[in-house]
Amino acid sequence: MRFPQDFVWGAATSAYQIEGAAHEDGRGPSVWDTFSRTPGKVHGGDTGDVASGHYHRLEEDLDLMASLALRSYRFSLSWSRVLPEGTGQINQAGLDFYRRLVEGLRERGIRPMATLFHWDLPQALQDKGGWENRDCAHWFADYAKVVFDELNIRDWLTINEPKTVVEAGYQMGIHAPGVTDPARSFVVLHHLHLAHGLAAAALHATHPGRRIGPALNLAPVYPADDTDRAREQARLHDGLENRIYLDPIFNGRYPADMLEWIGGRSRMPEVIEEGDLVTISEPIDLLGVQYYNPKYVNGEGERVFKHPVAQAQWLEIHPDGLYDVLVRLKRDYREVPLVITENGLPTLDEPDEDGRVRDDGRLGFYRDHLAALHRAIAEGVRVEGYHAWSLLDNFEWAEGYSQRFGLVHVDYATQRRTPKDSALWYRDVIRSGRLD
Ligand code: FCB
């Protein structure tokens, strides 16, 4: 299986999950600093204070990426490292860190791809209502303009997985800010969409030639059985998993069935102002696709598992789901370049006495997903790149350090990095451009 010559191979991370240095060089606190300090919220009481120590190991990590032959690195900016209060005063030391990162990538021939928001909202803005406050969309756009001007980066992603913010952050309360209120969650959804659109329009107005899009976690939804009820439920859940994120951006409207469903649970339809959908549907230049799992639903609307599940209980392993997502995008939406911005598996493999990390499970997971991706490309879906989640073992949100998604093992006691077998295999795939 040969991949296109110009296919862009990469790996992804996010700021709070790897940087550490949470209280250094002027960084302001984010909602994740607050949340991880709240007793009982994160496994083992872990925090991102030190994380994978990336802030202090920038050069080493850049060399590591080069040694793995990466052509693209997707990372996120810590909003509160750049703007400690979320708005206003710029923290030069924070910007300088990202400047050094971007320069270091360029020197090594690695393409930077920056995410503006990967869940670490400045606490100062949460104190003013966070994403429930419509102003937050404008604070986000103002922050985006600062980094668009200050950082020499062509490719940008706006919001990482708005669905996870809505569901984990505002419905289940297992992510910051820990709210359990569907009514509020859909107001947040609309403001996240608005933030995305405002930032995309700002980039287009000020930096023509650069590219921007959202990073959406999409899940193919299948009826768990052959009944009409299961099919109806699958349609509803497809709305909640995929269509409420895609339709406003691509078509400039929320799906009618979804607005009705949400309207019975939230005042969200009332917060939509005239012109919002025009802003939200600012044409995107690329779509970041994150794929982890499918969702099968039965006639009661419950999730049913049909395939093996990873250490992360939500991660049902079904490589064909990636193919289905990609083909569906081409079929149902306007064509834009697709970039896989995340895909990966946690495993617990540790270095042997000889220092080798034999993570066959992860290696097989990547092989199977890349094969599914190749099949979609061969059938004409325009996918220009792929990013493994993640470059490094890191702080896996509510799971703390108990789940390791890295291609590279991190010994948290020493911060020693060890490329796992999957990383060396991936390097060889990148070098050859083919999958055997
Ligand atoms: C995604 C997140 C990423 C990481 C992976 C495992 O939902 O975007 O930060 O936690 O899951």
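In case you missed it, the structure is sitting above this.
Residues numbered from 1 in each chain as written. Predicted model: local features only at pLDDT ≥ 70, side-chain atom pairs only at ≥ 80, totals over all residues. Heavy atoms only, no water.

Right, let's get into the overall build of the chain. Helix and strand content of the chain: 16 helices and 13 strands. In terms of principal-axis extent, the alpha carbons of the chain reach across some 60 × 55 × 45 Å. Looking at the chain as a whole, 63% of its 436 residues are labelled buried. In the chain, once contacts between residues fewer than 6 apart in sequence are set aside, the share between residues at least 24 apart is 75%. Surface accessibility of the chain: about 16100 Å² in total, with carbon and sulfur atoms responsible for 49%. For the chain, the separation between the mean place of its 48 positive charges and that of its 66 negative charges on side chains is 3 Å. (Helix = DSSP H or I, 4+ residues; strand = E, 2+ residues; numbered from the N terminus. Buried < 20%, exposed > 50% of the residue type's maximum accessible area, 1.4 Å probe, protein only. Contact = heavy atoms within 4.5 Å. Areas by Shrake-Rupley, 256 points an atom, 1.4 Å probe, with all protein chains shown as cover. Lys, Arg positive; Asp, Glu negative; His and termini not counted. Charge placed at Lys NZ, Arg CZ, Asp CG, Glu CD.)

In space, the eight strands of this closed barrel follow the order β1-β2-β3-β4-β5-β7-β10-β11, with parallel pairing throughout. Strand-to-strand twist across the sheet, computed as the mean angle between neighbouring axes with direction ignored, equals 25°. Pairing between strand β5 (residues 211-217) and strand β7 (residues 287-290): three bridges, direction parallel. Within β7, the residue paired with alanine 215 across the bridge is glycine 288. Taken strand by strand, helix α9 (residues 182-206) contacts β3 (111-117), β4 (155-160) and β5, and its axis lies near 160° from that of β5. Running over the sheet, helix α10 (residues 228-251) touches β5 and β7 and is turned about 165° from β5. (Pairing = 2+ DSSP bridges. Axes fitted to C-alpha atoms, helices over the stretch in contact; angles between N-to-C directions.)

Our focus in this paragraph is the pairing of strand β13 (residues 416-419). With four bridges connecting them, strand β12 (residues 408-411) and β13 associate as antiparallel partners. Bridging from a neighbouring strand, histidine 409 pairs with threonine 418 of β13. Between β12 and β13, which pair antiparallel in sequence order, lie four residues; one of them, glutamine 415, sits at a positive phi of approximately 60°.

To continue, consider the pattern of salt bridges. Per the stated rule, a full pass over the model turns up 41 salt bridges. The residue aspartate 276 makes a salt bridge to arginine 134 at a minimum N-O spacing of 2.9 Å. Taken as a pair, aspartate 276 in helix α13 (residues 276-280) and arginine 134 in the loop between α6 (123-126) and α7 (135-150) lie far apart in primary sequence, 142 residues in all. Residue aspartate 276 is classed as buried on the basis of its relative accessible area, which comes to 3%. For aspartate 332, the salt bridge is made with arginine 331, and the minimal N-O distance between the two is 2.9 Å. (Salt bridge = Lys/Arg side-chain N within 4 Å of Asp/Glu carboxyl O.)

Bringing the sheet that holds strand β6 (residues 221-223) into the picture now. Where strands meet in a sheet, backbone hydrogen bonds hold them as pairs that are either parallel or antiparallel. The mixed open sheet is built from three strands, whose spatial order is β6-β8-β9. In this open sheet, the two edge strands, each paired with only one partner strand, are β6 and β9 (303-304). Pairing geometry for β6 and strand β8 (residues 295-297), over three bridges, is parallel. Counted as the bridge partner of tyrosine 222 is tyrosine 296 from β8.

At a minimum axis distance of 10 Å, the contact between helix α3 (residues 58-67) and helix α5 (residues 92-107) shows a crossing angle of 30°. Comparing their axes, α5 and α3 come out roughly parallel. Between α3 and α5 lies a crossing whose hand is right-handed. Two secondary-structure elements touch here, α3 through Leu58, Leu62 and Met65 and α5 through Phe97, Arg100, Leu101, Gly104 and Leu105. (Parallel < 35°, antiparallel > 145°, perpendicular 65-115°, else oblique. Left-handed = near helix turned anticlockwise from the far one by under 90°.)

Okay, the site of the ligand next. Around the ligand sit Gln17, His118, Trp119, Asn160, Glu161, Gln290, Tyr292, Glu342, Trp389, Glu396, Trp397 and Phe405, and that is every residue in its neighbourhood. Between an oxygen atom of the ligand and a side-chain N or O atom of asparagine 160, the distance comes to 3.0 Å. Glutamate 396 is positioned with one of its side-chain polar atoms (N or O) 2.7 Å from an oxygen atom of the ligand. In the complex, the protein chains occlude 96% of the 300 Å² of accessible area that the ligand would expose alone. (Near = heavy atom within 4 Å. Polar contact = N/O pair within 3.5 Å; in protein donor to acceptor, adjacent residues only side chain to side chain.)

Let us now look at the side chain of serine 30. If you trace the backbone, serine 30 turns up in the loop between α1 (15-18) and α2 (31-36). Taking relative accessible area as the criterion, serine 30 reaches 0% and is therefore assigned buried. If we ignore the near neighbours within four places in the chain, the residues touching serine 30 are Ser80, Asp120, Leu121, Pro122 and Gln123.

What follows concerns unusual backbone geometry. For the bond from alanine 176 to proline 177, the omega torsion is 5°, close enough to zero to count as cis. Here proline 177 shows up in the loop between α8 (162-170) and α9. That bond from tryptophan 389 to serine 390 is cis: its omega, 15°, falls within 30 degrees of zero. One can find serine 390 in the loop between β11 (383-389) and β12.

Turning our eyes to something else, we now look at the pairing of β5. Counting buried positions over the seven residues of β5 gives seven, a clear majority of the element. With four bridges connecting them, β4 and β5 associate as parallel partners. Across the sheet, residue aspartate 155 finds its bridge partner in β5, namely arginine 211.

Purely geometric stuff here, so don't read any function into it on its own.
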